[in-house]
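Listed below, chain by chain, are the residues.
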Amino acid sequence: MRLKRAIEVGPALWDAYVERHPESWFWHRYGWLSYTWEYRLKASDLSSAAIDNAGQIVGIMPAFVEAGIVRLDGCPAPLFDAPAVGTEALGLMIEQLAS
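Residues numbered from 1 in each chain as written. Predicted model: local features only at pLDDT ≥ 70, side-chain atom pairs only at ≥ 80, totals over all residues. Heavy atoms only, no water.

Overview of helix α2 (residues 11–20)
Every buried residue of α2 is accounted for by W14, D15, Y17 and V18. Viewed end-on, α2 has its buried residues packed into an arc of 155 degrees, placing them on one side of the element. Opposite its buried face, α2 presents the exposed residues A12, L13, E19 and R20, each directed more than 90 degrees away. (Buried < 20%, exposed > 50% of the residue type's maximum accessible area, 1.4 Å probe, protein only. Helix = DSSP H or I, 4+ residues; strand = E, 2+ residues; numbered from the N terminus. Arc of directions from axis to C-beta.)

Below is the structure:
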């Protein structure tokens, strides 16, 4: 398994995964994330997708560094601020954020 940045994955594949994942929300969609990247001042994008050995997305994690704080969302409300990932991908994504 490996990680790819959201911008490398692109909107079509990212949103296809979001549409299939039962725990995803509007806030996970690429369009919302790109709005967040463009209009949040001083925000750095760390959003990524976990890709399995077959080249399929197995998890996504919207993540931003804003004013020195890592946010795992893109959502204005804390209710929806979780990544849409399988458990196998979550550990890899957390390691990426920690480094």
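Quick look at the packing of aromatic side chains
Within this structure, the stated rule accounts for five aromatic pairs. Aromatic pair W14 and Y30: ring centres 6.4 Å apart, planes at 75 degrees, arrangement edge-to-face. Separated by 16 residues along the polypeptide, W14 in helix α2 and Y30 in helix α3 (residues 30–39) bring together distant segments of the chain. For Y30, a relative accessible area of 11% corresponds to the buried category. Judged by centre distance (5.2 Å) and plane angle (80 degrees), the ring pair of F26 and W27 falls under edge-to-face. F26 sits in the partly exposed class, given a relative accessible area of 48%. (Phe/Tyr/Trp six-rings, centres within 6.5 Å; stacked < 30°, edge-to-face > 60°.)

Some words on the side chain of D45
Here D45 shows up in strand β2 (residues 43–45). Owing to a relative accessible area of 18%, D45 belongs among the buried residues under this scheme. Among the polar contacts listed, one links the side chain of D45 to the side chain of S47, at a separation of 2.8 Å. Not counting residues up to four positions away in its chain, the partners in contact with D45 are R5, W37, A63 and F64. (Polar contact = N/O pair within 3.5 Å; in protein donor to acceptor, adjacent residues only side chain to side chain. Contact = heavy atoms within 4.5 Å.)

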